[in-house]
Amino acid sequence: MPDAPLEHPDQRRQPREGGEPPAPVPPPPAYEPILLRNIGIPDSHLLKTALSRGAYQGLKKAQAMAPEAVIEEVKKSGLRGRGGAGFPTGNKWSFVPKDKWPHYLIVNADESEPGTFKDRALIENDPHLLIEGTLIGAHALGAEVSYIYIRGEMVLGAKRLEAALAEARAAGLLGNRQIHVHRGAGAYICGEETGLLESLEGKRGYPRLKPPFPALVGAFGKPTVVNNVETLANLPAIFDKGVAWYRTIGTEKSPGPKIFCVSGHVRRPGNYEKPLGYPLEKLIYEDAGGLRPGRTLKALIPGGSSMPVLRADEVQGLTMDYEAVQARGSLLGSAGVIVMDDSTCMVRCLLNISRFYAHESCGQCTPCREGSTWLAKILGRIEAGQGEGGDLELLLDICDNIAGKTICPFGEATAWPVQSFVKRFRDDFAAHITQHRCPQRPAAVAASAR
Amino acid sequence: MAAFSPQALAEFQLILGRYPTKRAATLPTLHLAQREFGWISPEVMAYVAGLLELPPIKVYEVVTFYTMFHQKPVGRHVIEACATLPCALNGAEALLEHVEKRIGIRAGETTKDGRFTLKKAECMAACGGGPCLQVNGDYHEGMTPEKFDRLVAELA
Ligand SMILES: Cc1cc2nc3c(=O)[nH]c(=O)nc-3n(C[C@H](O)[C@H](O)[C@H](O)COP(=O)(O)O)c2cc1C
Ligand code: SF4
Ligand code: FES
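Quantities reported herein were computed from a predicted structural model and do not represent experimental measurements. (Residues numbered from 1 in each chain as written. Chains lettered and ligands numbered in written order. Predicted model: local features only at pLDDT ≥ 70, side-chain atom pairs only at ≥ 80, totals over all residues. Heavy atoms only, no water.)

Some details on the interface of chain A and chain B
Each side of the interface is counted separately: chain A has 62 residues, and chain B has 42 residues. Here chain A and chain B share an interface that buries about 4000 Å² over both sides, 57% of which is from carbon and sulfur atoms. At the surface where chain A touches chain B, the tally comes to two salt bridges. Residue B:E93 pairs with A:R348 through a salt bridge whose shortest N-O separation is 3.1 Å. (Contact = heavy atoms within 4.5 Å. Buried area = accessible area lost by both parts, 1.4 Å probe. Salt bridge = Lys/Arg side-chain N within 4 Å of Asp/Glu carboxyl O.)

As structure tokens, this is what we get:
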């Protein structure tokens, strides 16, 4: 971390070589949220509130720059996509060809990865932040028309966005750009960018084979960028306060703020915005209030339900940035941090996750469609005490036949939870099979098996 | 034969203006149709297909892909209870059981008096407030059996 205030105070209390121990330093100032800064302010969704809090200043500065210069600034900021993959946003924008028009910017507001609830909070409480970010992106890409593809269930979010767009339009902030709200209708796979594009075009949300990538052939066959809500919400501050300031937040390779969605067995679940590289233990035990009395941590999924689960001993000292989480054998994904304490039955948790993926497979690829259903069925059997010797090998074999063999990364999203749960909690699964029941029941505060 | 009200027709025209193709208006038009007719019957699908100049099968394909389009009539109040992992870790299973008992139907059913339809939902981006459910599209977070009973009492 380049900047002192973000350093953990304990590190600075180490005596320097040969010298006197340094004087005690005051605790670092509390982190001031950038993305969630308006949440909790009365009427934060209205234009007049947003303006009084400095909204649309970043847009003004970006609009004074040539589009290429805007893309360069975003590259320099190091901003990485917050939708899950962490791909550098400026690079993604620069793939859009200059000789094929029109260009589209699509906002991915389909937020549906279990454990993730940051985009909804931004949309409902600070729609102008998203509109400002979208306008900056549209300026950089030369996109006259943008669509915000919002989850169908987010009825309030869609209303707030429509109202905020009307306000922004009336105030002349949109210029001659159009931004339209497009509501989904209930399908997890429409969060995958090419499934989203098919859905936007009025079809089933069947992901497309890549290449061609959306940058060349996207919405309506035209060059398109799909960006997550939180990614775009980073842009206003980058342009208002500058890249040098932005890079003081987070780590060298994972710069900027991140909203961590903490759910499950903590006392204060919720959205916590912190610099990337923030210590997980602080997030869980300080911000989220720790576990319930008498409970200890058993497992944690760091990036939404499709990312590999980690054991408590594997997350000790973990910092929440893309590199550090990957080094421990999982991925930061959408930063949906799902916490499971020692009362949890891992078999029931995995069954719940696997039923989700079996339900949400779009059905185009046989390995994914059939495999996800088999996984859920076998896990259901194990959970019900009817598991058989060889079931765990069978589960892993099915996973090997899904991951890497499908049109879209949903295949991995189906396989990774199973592979990681079985690998890291093999004893729990084996006990269910040999004892023909859940060893923890009825004490288990179990996950739903329905 | 199903047909939009003049107001819905005007909204439909606005929707069409947002997209470079008519087909792209399929989802918004179906949302509009569901608001107008309550559910998407085969006649409504045919009507929407006519408006969009599409073969009815193209609209049928879409209706059957997305969970929010009701292919059967629903109750006056649609309750969607999340039961995905983060909510489940905080008691969604017990809550759903309570809901089923309280209104006397299983997930996927509609009460005989047409008052409630209950659906089991997947993660609704409200895991921080789990267990959560939606009633007629409104979020209710931090749900408990007692809170649910109070909520139900307010619904006609
Ligand atoms: C199965 C699946 C589901 C996804 N769901 C979402 C989602 O709900 N929201 C989102 O922003 N990205 C989602 N993504 C990632 C998108 O495909 C895409 O990478 C992202 O919108 C890019 O935006 P970014 O570069 O700003 O992160 C999903 C990907 C997959 C494979
Ligand atoms: S991997 Fe699964 S979700 Fe993705 S396209 Fe294939 S069947 Fe559909
Ligand atoms: S798990 Fe219920 S809202 Fe996410």
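Notes on the site of ligand 1
Residues and elements named next belong to chain A. Looking at ligand 1, there are 17 residues lining it, with G83, K92, N108, N228 and T231 nearest. Here an oxygen atom of ligand 1 sits 2.9 Å away from a polar atom, N or O, in the side chain of N108. Contact with the protein chains covers 88% of the free accessible surface of ligand 1, which is 620 Å². Along the lines of polarity and charge, the residues of the shell around ligand 1 split into three nonpolar, eight polar and six charged. (Near = heavy atom within 4 Å. Polar contact = N/O pair within 3.5 Å; in protein donor to acceptor, adjacent residues only side chain to side chain. Areas by Shrake-Rupley, 256 points an atom, 1.4 Å probe, with all protein chains shown as cover. Nonpolar A, V, L, I, M, F, W, Y, C, P; charged D, E, K, R; others polar.)

Topic: the packing of helix 15 (residues 346-360) of chain A against helix 16 (residues 366-383) of chain A
Residues and elements named next belong to chain A. Following both chains from N to C, one finds helix 15 and helix 16 inclined at 155 degrees, their axes separated by 8 Å at the closest point. With respect to their mutual orientation, helix 15 and helix 16 come out roughly antiparallel. Crossing angle aside, the handedness with which helix 15 passes helix 16 is left-handed. Side by side, helix 15 and helix 16 meet where V347, R348, L350, L351, S354, R355, Y357 and A358 of the first sit next to S372, T373, A376, L379, G380, I382 and E383 of the second. A class-by-class count of the residues in the contact of helix 15 with helix 16 yields eight nonpolar, four polar and three charged. (Axes fitted to C-alpha atoms, helices over the stretch in contact; angles between N-to-C directions. Helix = DSSP H or I, 4+ residues; strand = E, 2+ residues; numbered from the N terminus. Parallel < 35°, antiparallel > 145°, perpendicular 65-115°, else oblique. Left-handed = near helix turned anticlockwise from the far one by under 90°.)

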